[in-house]
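# Tertiary structure, described
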Amino acid sequence: MASVPDINLLELITQLADDEDIQHVPVGREEEGVGVCAGAYLGGKRPALLMQNAGLMNSCNGLTTTGLQFGIPILLLVYYAGDMGDNAFHMLGLVTEQVLQGLGIKYAVGRNPSDVKKQIADAMSICQAAKRPVALLLTRDVL
Amino acid sequence: MQRDECMQAIAPLFTDELFVTTNGGATTEWSSVRPSDANMQVKTMGLCSSIGLGLALALPHRRVVVMDGDGSLWMNLGSLATIGLHQPTNLIHICWDNKSYEASGGEPTATAAEHLDFAAVARGTGIASSWCVLTIEDLRDCVRDALNTPGPHFVWACIEPGHTITLERPCDELENKYRFVRHIEQTEGLTILRMPLGHSQER
């Protein structure tokens, strides 16, 4: 799991550090994380990238010319800043889903805490089957 | 020194290493000098160092060699800080510096002004084994040492512009990935490529 922090991801990132089954790799910029995840996949891991949607914007070329072009499964766990009711990064919220649609990256939105565990498992599963990046947008309600 | 002759000089030093090469001459010349399923080409400029880091962390007992370029490293200079943070002992990062965007028309890069010292930057991020080499002999010695001591290693190889005309790359990105992953599966005893089950096979 590569990550770039956001205050809404703090609890999740703290848990990552304590989980012995997950190798946590902090990176400085999200597109680096796409590269780290691609390398990890080639080396036999099931990678995921945890970031805010601003980082999704930073990663568009890497997702396209590494993730999609080489067919690399990367689970994108993205804090959905600017979703309805979350005003701090409103402009990011306006464009996030259109960017994913434009890239042709399959995604789902997690809004209900009781559903999110299955949503993560399902997103990882389709990501591995399709051998492409797949995104799960995580709202503040589930984080 | 030229990149092609550098590659020919160091190629005999390698055995079972994995190679991640940036787009352009680093990929075409390396795949010509040492054709192998252990070569992974990179199409996202700047990302070879990050992909090499991910691979090195995933397979910590296996040496990974990244072949970067000056324009590409400039684009993802932060990756040095990330490598410095994680200290992968099995990573050898070579930057072929011809002071130009050779694959993009030859415009100068940041190193052309001769203010930028990549080895000093790498050392400053915590990559203690960071070197600048100007001759083929020094390059060969440096790579030989890097293969025999724990890294991470960074080798800034200052080369002349110019590339060897090579045949087209032997495979596209998807075929490259499958061949590389099959090579990892065979040499590491791993199963990486899993086929999705049909509904009738689900349990």
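Look a little higher up for the structure.
Residues numbered from 1 in each chain as written. Chains lettered and ligands numbered in written order. Predicted model: local features only at pLDDT ≥ 70, side-chain atom pairs only at ≥ 80, totals over all residues. Heavy atoms only, no water.

Once that is clear, we can look at the interface of chain B and chain A. Listed by partner, the interface residues are 33 residues for chain B and 28 residues for chain A. Note on chain B versus chain A: buried area summed over both sides is about 2,300 Å², and carbon and sulfur give 65% of it. Summed over the shared surface of chain B and chain A, the number is 0 salt bridges. There are 7 residue pairs in polar contact (both at pLDDT 80 or more) connecting chain B and chain A. Taken together, the elements giving at least two residues each to the side of chain B that touches chain A come down to β2 (39–41), α3 (48–58), α5 (78–86) and α8 (173–188) of chain B. By residue class, the composition of the side of chain B that touches chain A is 20 nonpolar, 9 polar and 4 charged. (Contact = heavy atoms within 4.5 Å. Buried area = accessible area lost by both parts, 1.4 Å probe. Salt bridge = Lys/Arg side-chain N within 4 Å of Asp/Glu carboxyl O. Polar contact = N/O pair within 3.5 Å; in protein donor to acceptor, adjacent residues only side chain to side chain. Helix = DSSP H or I, 4+ residues; strand = E, 2+ residues; numbered from the N terminus. Nonpolar A, V, L, I, M, F, W, Y, C, P; charged D, E, K, R; others polar.)

Take the sheet that holds strand β7 (residues 129–133) of chain B next. Residue and element names in this part refer to chain B. Judged by pairing direction, the sheet is parallel, and its 6 strands sit side by side in the order β2-β1-β3-β4-β8-β7 without closing on themselves. Both outer strands of the open sheet, β2 and β7, are each paired with one neighbouring strand and no more. Taken over all neighbouring pairs, the strand axes of this sheet differ in orientation by 15° on average, direction set aside. The pairing of strand β1 (residues 18–21) with strand β3 (residues 64–69) spans 4 bridges and is parallel. Looking at β3, one finds that Phe-19 is bridged to Val-65. Running at roughly 155° to strand β4 (residues 91–97), helix α1 (residues 3–10) makes contact with β3 and β4 of the sheet. Strands β1, β2, β3 and β4 of the sheet are contacted by helix α2 (residues 25–33), whose axis makes an angle of about 145° with β1. (Pairing = 2+ DSSP bridges. Axes fitted to C-alpha atoms, helices over the stretch in contact; angles between N-to-C directions.)

Right, let's get into the nonpolar core. Side chains that are nonpolar tend, in soluble globular proteins, to be buried together. One finds Leu-42, Leu-49 and Leu-76 of chain A together with Val-20, Leu-55 and Phe-154 of chain B to be the most contacted residues of the largest nonpolar core, which totals 57 residues. Excluding anything up to four places from it in sequence, Leu-49 of chain A contacts Met-1, Ala-2, Ser-3, Glu-30, Gly-33, Val-34, Cys-37, Ile-74, Leu-75, Leu-76 and Leu-77 of chain A. Core analysis: the second largest hydrophobic core is formed by 25 residues, Ala-26, Trp-30, Ala-146 and Ile-159 of chain B among them. (Core = buried A, V, L, I, M, F, W, Y, C linked by side-chain atoms within 4.5 Å. Buried < 20%, exposed > 50% of the residue type's maximum accessible area, 1.4 Å probe, protein only.)

It is worth spelling out the pattern of salt bridges at this point. Residues and elements named next belong to chain B. Inspection of every chain in the model, using the stated rule, returns 12 salt bridges over all chains. Linking Asp-141 and Arg-144 is a salt bridge whose minimum nitrogen-to-oxygen distance equals 3.3 Å. Pair noted here: Asp-141 and Arg-144 are both in helix α7 (residues 136–148), with a separation of 3 residues, about one helical turn. By relative accessible area, Asp-141 is classed as partly exposed at 40%. Here the residues in one salt-bridge network are Arg-3, Glu-29 and Glu-102, joined through shared partners.

Okay, the layout of surface pockets next. Roughly 870 Å³ of internal volume is contained in the largest pocket. Looking at the lining of the largest pocket, the elements with two or more residues in it are α1 (10–18), α2 (30–42), β4 (75–79) and α6 (116–130) of chain A together with α3 of chain B. In terms of residue class, the lining of the largest pocket is made up of 21 nonpolar, 4 polar and 5 charged. Taken as a whole, the second largest pocket spans an internal volume of roughly 550 Å³. In terms of lining residues, the second largest pocket is bounded by 19 residues, among which Ser-125, Gln-128 and Ala-129 of chain A together with Arg-194 and Pro-196 of chain B are the most central. If one sorts the elements of the lining of the second largest pocket by residue count, α6 of chain A sits on top with 5 residues. Residue classes in the lining of the second largest pocket are distributed as 9 nonpolar, 5 polar and 5 charged. (1 Å grid on protein atoms, 1.4 Å probe; cavity = no way out; pocket = protein on both sides within 12 Å on 5 of 7 lines; lining within 4 Å. Points joined across faces, edges and corners; volume = space filled by probe spheres on them.)

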